[in-house]
Amino acid sequence: MSVARVAYVSAHGCPLASPGVGAAGGMSVVLRNAACALERAGVRVDVFTGLHGACPAPSAAAGCGQTGSPSLRIMHMDAGDAGGFTRRLLAYADADGEGYDLVHSHYWLSAEPGIRLARRLGAPHVFTGHTIAEVKERAGGAPESAVRKQAEAAAIHESDAVVTATDEEAAAVSALFEFPADRVHAVPMGVDASLFRPLPRVQARNALGIGADERVVLFVGRTEPFKGPGVLVQALSLLRDPGGVRLLIVGGGQDGSDVQWLRDAAWAGGVSAQIDARGAAPHDELPRYYAAADVCAVPSLHETFGLVALEAMACGTPVAASRAGGLRQIVREDETGVLCEPGAPGALAVALDALLDDPARARRLGEAGVPWARTFTWEAAAARLSAAYDRIAASFAK
Ligand code: UDP
């Protein structure tokens, strides 16, 4: 059975949100790229998301614009009161006679509305957690709410299949939730190599006001503790020559309040002059930051996948990353980057020094990252997703 029409339910994350600020992160990048690649492969995707400030479109209208693909539609549902999102989603499905062959829900908040939509349509339901609370906690993250954990367990058990980003996460889902392994599909994400590509370093630095001779470590992402920026600031003070390094931080709101805790930590470690926090940058301006850096640090306690590491490698920048989650799969140790123990500032400092003190090796690793990162295409992701959808729909029909 060939799945031709898919409903993406993403109550919490809009494909058009700006990543890097507040709670918005890789999920909006993934939704946009995966949905568009599916469209290009001939699978129609409609995205149902919550109404949010950046996209003030009316509920159930045609969203706030195209995303580079001719027919990707983004419907913003005004959630209003509790249960409002689900109600509007079901009302939309009832009014729209065409229906969907499959419903794919993203993040735990979307599972309940997604499952109800699938049941209403008599279609299979697929769940992607993006991060699973149980996995995050085991990696040392702050405790997550019991409500979320129960919702994730229910989402998995009531779904026909689960899609994860890596084989490791697939194994974790099937072991932790006692869910049949043959109903978990690992689909690696991709990187847009037409956007993330090498640029001349000096040019990138000029544009960002960074000197050609400086040593630059880059951090990109939400500045929450789980992503490890605090560990990175601690590592900075343990470098052989902290004074000669600029830590460029891209992420967080523009008013600086998201990074105040990092500035405080840097001050305590005697490296406050090294911090250059710029707030979140538009996604399409990131190649310039990656190109300007000697090293991109990805010090997360855990990563479901590790988009930032992949983007950095695609731009020819070596990474110093935690040996955790998807990072172990997408960073080739000592070939495209250096891996170290998560949550350990000393180990991260050693990894950073290994690249900062040996520019020739850093260049070699950076260059090797480009062809490697390019093997992760959104086209391949869409082909695997579409094949998985067909298999899921075929066993659902039996
Ligand atoms: N990002 C961005 N601008 C920023 C910071 C981050 O566009 O200022 C993007 C970044 O390019 C990446 C995504 O946000 O694609 C973060 O994804 P990741 O999977 O690392 O993080 P998470 O989903 O945990 O936020």
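Here, residues in each chain are numbered from 1, in the same order as that chain's written sequence. Per-residue local features are limited, in this predicted model, to residues with pLDDT of at least 70; the limit for side-chain atom pairs, both in listing and counting, is 80 or more; totals at the level of whole chains, interfaces and linings are taken over all residues. Values reported for side chains reflect all heavy atoms of the structure, with hydrogen atoms and water molecules removed beforehand.

The pairing criterion is simple: DSSP has to find at least two bridges between the two strands. Here a strand is any run of E in DSSP of at least two residues, a helix any run of H or I of at least four, and the numbering for each starts at the N terminus. Spatial ordering of the open sheet is given by β10-β9-β8-β11-β12-β13, a layout of six strands whose pairing is parallel. Sheet topology places β10 (275–277) and β13 (337–340) at the edges, where each strand pairs with a single neighbour. Ignoring strand direction, the axes of neighbouring strands in this sheet form an average angle of 20°. Summarising the sheet, strand β12 (residues 319–322) and β13 pair through four bridges and their orientation is parallel. Looking at β13, one finds that serine 322 is bridged to cysteine 340. Note on contacts: a residue pair qualifies if any of its non-hydrogen atoms lie within 4.5 Å across the two residues. Throughout, an axis means a line fitted to C-alpha atoms (over the contacting stretch in the case of helices), and angles, computed between N-to-C directions, take values from 0 to 180 degrees. Set on the sheet, helix α8 (residues 229–237) makes contact with β8 (215–220), β9 (245–250), β10 and β11 (295–298); between it and β9 the angle comes to about 170°.

Moving on: the confidence of the model for the protein chain. pLDDT is a per-residue confidence score from the predictor, ranging from 0 to 100. Counting all residues, the mean pLDDT for the protein chain is 92, and 94% of those residues have values of 70 or more. Between residues 58–66, whose pLDDT stays under 50, and residues either more than four places distant or in other chains, the model counts 23 contacts.

This part takes up the pairing of strand β3 (residues 73–77). In terms of burial, β3 is a largely internal element, four of the five residues being buried. Relative to β3, strand β2 (residues 44–50) is paired through five bridges, and the arrangement is parallel. In the sheet register, glycine 50 faces β3, and the bridge partner there is methionine 77. Each residue is placed in one exposure class: buried if its accessible area under a 1.4 Å probe, protein chains only, is under 20% of its type's maximum, exposed if it is over 50%, and partly exposed if it falls in between.

Attention now moves to the nonpolar core. Ranked by size, the top nonpolar core spans 74 residues in total, and within it Tyr8, Leu218 and Tyr290 carry the most contacts. The biggest single contributor to this core is helix α1 (residues 26–40), with nine residues. Residue contacts for tyrosine 290: discarding those within four places in its chain leaves Phe196, Leu218, Val220, Cys296, Val308, Glu311, Ala312, Cys315 and Thr317. Within the second largest apolar cluster, 29 residues are counted, among which are Leu236, Leu239, Leu262 and Val271. What is meant by a nonpolar core is a set of buried Ala, Val, Leu, Ile, Met, Phe, Trp, Tyr and Cys residues, joined one to another through side-chain atoms within 4.5 Å.

Bringing the packing of α8 against helix α9 (residues 260–268) into the picture now. Direction vectors running N to C along α8 and α9 enclose 20°, while the axes themselves pass 9 Å from each other. With respect to each other, α8 and α9 are oriented roughly parallel. Handedness of the crossing formed by α8 with α9: right-handed. In contact with Pro229, Gly230 and Val233 of α8, α9 contributes Trp261, Leu262, Ala265 and Ala266. As a working rule, the residues Ala, Val, Leu, Ile, Met, Phe, Trp, Tyr, Cys and Pro are called nonpolar, Asp, Glu, Lys and Arg charged, and the rest polar, with Gly in that last group. Residues of the contact of α8 with α9, tallied by class, amount to six nonpolar, one polar and no charged. In this scheme, roughly parallel covers angles under 35 degrees and roughly antiparallel covers those over 145, while 65 to 115 is roughly perpendicular and the rest are oblique. In this scheme, a crossing is called left-handed if the near helix is turned counterclockwise away from the far one by less than a right angle; it is called right-handed if the turn is clockwise.

With that settled, consider the packing of aromatic side chains. Pairing of aromatic side chains requires ring centres within 6.5 Å, counting the rings of Phe and Tyr and the six-membered ring of Trp. Pairs whose planes differ by under 30 degrees are stacked, by over 60 edge-to-face, and all others tilted. Taken as a whole, this structure holds six aromatic pairs when the rule is applied. Here the aromatic rings of phenylalanine 48 and tyrosine 100 are separated by 6.0 Å at their centres, their planes lie at 90°, and the arrangement is edge-to-face. Residue phenylalanine 48 is located in strand β2, and its partner tyrosine 100 is located in the loop between α2 (84–95) and β4 (102–106); the two are separated by 52 residues in the primary sequence. The exposure class assigned to tyrosine 100 is buried, which follows from its relative accessible area of 6%. Their ring planes at 70° and their centres at 6.2 Å tell us that phenylalanine 305 and phenylalanine 376 sit as a pair that is edge-to-face. Taken together, the positions of phenylalanine 305 in the loop between β11 and α11 (307–314) and phenylalanine 376 in the loop between α14 (359–373) and α15 (378–397) put the pair 71 residues apart, joining distant regions of the chain.

It is worth spelling out the site of the ligand at this point. By convention in these notes, a residue is near a molecule or strand provided one of its non-hydrogen atoms lies within 4 Å of it. By nearness alone, 19 residues border the ligand, and Gly26, Arg222, Lys227, Ala281 and Glu311 come closest of all. Polar contacts here mean pairs of N or O atoms no more than 3.5 Å apart (in protein, one a potential hydrogen donor and the other a potential acceptor; neighbouring residues in sequence count only if both atoms are side-chain atoms). In this structure, lysine 227 approaches the ligand through a side-chain N or O atom, which is 2.6 Å from an oxygen atom. A distance of 2.8 Å separates an oxygen atom of the ligand from a polar backbone atom of alanine 281. The Shrake-Rupley method, run with a 1.4 Å probe, gives the accessible areas here. Residue values count only the displayed protein chains as cover. The protein chains hide 92% of the 540 Å² of surface that the ligand would expose on its own. When residues of the shell around the ligand are traced back to their parent elements, those giving at least two are α1 and α11.

Let us look at the side chain of glutamate 152. Note on placement: glutamate 152 falls in helix α5 (residues 146–157). Here the side chain of glutamate 152 touches alanine 133 through a polar contact of 2.8 Å, landing on its backbone nitrogen. In this structure, glutamate 152 is in contact with Trp108, Thr131, Ile132, Ala133 and Glu134, ignoring residues within four places of it in sequence.

Our next topic: the state of the cysteines. A covalent bond between the sulfur atoms of two cysteines is what we call a disulfide. In this description, the term disulfide denotes a pair of cysteine sulfurs within 2.5 Å. What the rule picks out here adds up to zero disulfides. Cysteine 36 forms no disulfide, and the closest cysteine sulfur to it belongs to cysteine 14, at a distance of 12 Å. For cysteine 36, a relative accessible area of 6% puts it in the buried group. With no disulfide of its own, cysteine 340 lies 13 Å from the sulfur of cysteine 296, the closest cysteine sulfur. Using a relative accessible area of 6% as the deciding quantity, one classes cysteine 340 as buried.

On to the environment of alanine 111, then. Within the secondary structure, alanine 111 sits in helix α3 (residues 108–121). Taking the C-alpha atoms as reference, alanine 111 lies 38 Å from glutamine 234; in sequence the two are 123 residues apart. If we skip the residues at most four places from it in the chain, alanine 111 touches Ser105, His125, Phe127 and Ala155.

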